[in-house]
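Coordinate inspection notes
Here is how the chains run, residue by residue.
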Amino acid sequence: MSELALDIKQLNFSYGKKQVLHNLSFHVEAGQCAFLLGPNGAGKSTLFSLITRLYDQEKECIKLAGVDIKVEPLKALAQLGVVFQQTTLDLDLSVRQNLLYHAALQGLSRKSARIAVQKQLEQLSMYERQNELVRQLNGGHRRRVEIARALMHQPKLLLLDEPTVGLDIASRESIITHVHKLSDETGLAVLWATHLMDEVLEQDKVIVIHQGKVQAEGAIKELTEITQRDSLSEAFFTLTQKQEA
Amino acid sequence: MAHYWVALWGIVFRELFRFVKQKERFLSALVRPLVWLFVFAAGFRAALGIAIIPPYDTYILYEVYITPGLIGMIQLFNGMQSSLSMVYDREMGSMRILLVSPLPRWFLLTSKLLAGVFVSILQVYVFLAIAWFYDIQPPIEGYLWILPALTLTGLMLGALGLLLSAFIKQLENFAGVMNFVIFPMFFMSTALYPLWKLQESSEILYTIAKYNPFTQAVEFLRFALYGQFNQEAGLYTILAFTLFLIIAIIGYNPSKGMMKRKGR
């Protein structure tokens, strides 16, 4: 097995008395694109808040590139790039200023930051627009900027929380292709939360969570075999309705 | 260590840039104290006689008296406004980008605080420059002495804003807090009238005003503007700053305060 970019073991979490994550365990390997599928309220957002340490956990359950987030939070967070569901760009700043701000938070020197800005924006065909205000960009371009920003410091794991919601087909395609290419070529591990099954490719890993538990994990083929269904969507419905029945 | 400097610079630069871009914010930050100076102070000049009190060594006009109070007002509003932007940032998500960066939370929050103070100092100097043409002319060295004082008072008021932002969940609640924090703090202080005047009319008001951290900040600024050091006010301001900052950091700690309340 290659190096684990994300390793979650027996993670539990409660909001007051209501337990939302139950003994959740799964991992994502380096170079792997893993999709987190789950209906609303399955615990995806909570899980993301725990991986990004916006919420704290009592036990040592989450490791990022071998570093436990509870034990060495700063070292662990340095391995992480995040694109949140809501846009987190500063609308009044230019694309370049937004990226440089992030580079500063990650401790990149001016020179490294300039190189990283150019590299990441060029890869997403946004370099020519670096001086435009984010406010002037459409939703698809804003998302591209956010992905470029998340990759500036060369993280080992990229977290994407429903990054394609509200985008047109072309923008979605471009993001899906780019992220898969990155994962193949650079060994970047990706954990992608989504509701859109067509974003998942044959070789990707799928983790289905429902009511805070992992229902099944594996490639599309494995999930369809387990559930004896023809497609990922049908397999997903079977897995998530089984509990409710 | 270099990482910390780079990050601090990044946070300050962002705040400064946002401030410059938001012209209305700059203008309103300036117009507010100027209206008080040109209109309110002019109107009350005759009504309020000011005796000779330190740091002044002569009779002064009411405009001169309220200038340090208005400087404090600029910083109070700025402190609250930057915390308003934090509540906004948290709702909009950009606070998340700050909080998931690989730096300790206390450092991130203090940097954010310093960035806000830096902006408030710029506002104060522009205000003082306009006031100079209105014949409010403290000694030249006062402009220099007030700089460290402004840093301290700005930090204290910013930390208060930070503390509030840690415990306010939504923007709607913030408007209420503005009314319950800014106005009482400003009016129950020595910004507009000296303590002895307050004592003449109400002993309770006098006591509240005396221990109001904003009073101490204003007095610290007033003395600094005239090249003097008010030790008591300085110490009180440092103490208030430390207390506010510690509570704010606890509020933003993922395993305590606001973050803990969200879940476990």
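Residues numbered from 1 in each chain as written. Chains lettered and ligands numbered in written order. Predicted model: local features only at pLDDT ≥ 70, side-chain atom pairs only at ≥ 80, totals over all residues.

Concerning the overall build of chain B
What counts is decided by this rule: Helical segments are the DSSP runs of H or I of at least four residues, strand segments are the runs of E of at least two, and each set is numbered from the N terminus. Each residue is classified by how many other C-beta atoms fall within 10 Å of its C-beta atom, where C-beta atoms are placed from the backbone; a count of 20 or more means buried, 12 or fewer means exposed, and values in between mean partly exposed. We call two residues in contact whenever the C-beta atoms placed from their backbones are within 7 Å.
Scanning chain B from terminus to terminus reveals 12 helices and zero strands. Taken from N to C terminus, the helices and strands of chain B fall in the order α-α-α-α-α-α-α-α-α-α-α-α. Out of the 264 residues belonging to chain B, those deemed buried represent 47%. By sequence separation, contacts in chain B at least 24 residues apart represent 77% of the contacts at least 6 residues apart.

Here we look at unusual backbone geometry
Residue and element names in this part refer to chain A. At Ala65, a residue that is not glycine, the phi angle is positive and equals roughly 45 degrees. Positionally, Ala65 belongs in the loop between strand 4 (62-64) and strand 5 (67-68). A positive phi angle, near 50 degrees, is found at Gln154, a position not held by glycine. As for its position among the elements, Gln154 is in the loop between helix 5 (139-151) and strand 7 (157-161). For Gln154, a count of 16 C-beta atoms within 10 Å corresponds to the partly exposed category.

Let's talk about the domain arrangement of chain A
Residue and element names in this part refer to chain A. Rules: Where each domain begins and ends is defined by an automated method or by a domain database. Each residue is assigned to one class: nonpolar for Ala, Val, Leu, Ile, Met, Phe, Trp, Tyr, Cys and Pro, charged for Asp, Glu, Lys and Arg, and polar for all the others, Gly among them.
On domain assignment, one finds that chain A holds domain 1 (1-79 + 156-169 + 179-208) and domain 2 (88-154). Computed from C-alpha atoms alone, the centre-to-centre distance between domain 1 and domain 2 is 23 Å. Between domain 1 and domain 2, the contact holds five residues from the first and five residues from the second. Partitioned by chemical class, the residues of the side of domain 1 that touches domain 2 number three nonpolar, one polar and one charged.

Examining the sheet that holds strand 1 (residues 4-15) of chain A
All names here are of chain A. Under the convention used in this document: Strands qualify as paired when DSSP identifies two bridges or more between them.
Strand order in the open sheet formed by four strands is 2-1-4-5, with antiparallel pairing between adjacent strands. Two strands lie at the open edges of the sheet, namely strand 2 (18-29) and strand 5, each paired on one side alone. For strand 4 and strand 5, the ladder comprises two bridges, and the chain directions are antiparallel. Within the sheet, the bridge partner assigned to Leu64 lies in strand 5 and is Val67.

Some points on the sheet that holds strand 9 (residues 205-210) of chain A
All names here are of chain A. The test is simple: Between N-to-C directions, angles span 0 to 180 degrees; the directions come from axes that are lines fitted to C-alpha atoms, helices contributing only their stretch in contact.
Reading across the sheet, the six strands line up as 6-7-8-3-9-10 and stay open at both edges, with mixed pairing between neighbours. A strand with exactly one partner marks an edge of an open sheet, and here the two such strands are strand 6 (80-83) and strand 10 (213-218). Between one strand and the next, the sheet's axes are offset by a mean angle of 15 degrees, whatever the strand orientation. Pairing of strand 3 (residues 33-37) with strand 9, which is carried by four bridges, proceeds in the parallel orientation. Opposite Leu37, over in strand 9, you have Val208 as the bridge partner. Packing of helix 7 (residues 220-227) onto the sheet brings it into contact with strand 9 and strand 10, and relative to strand 10 it is tilted by some 115 degrees.

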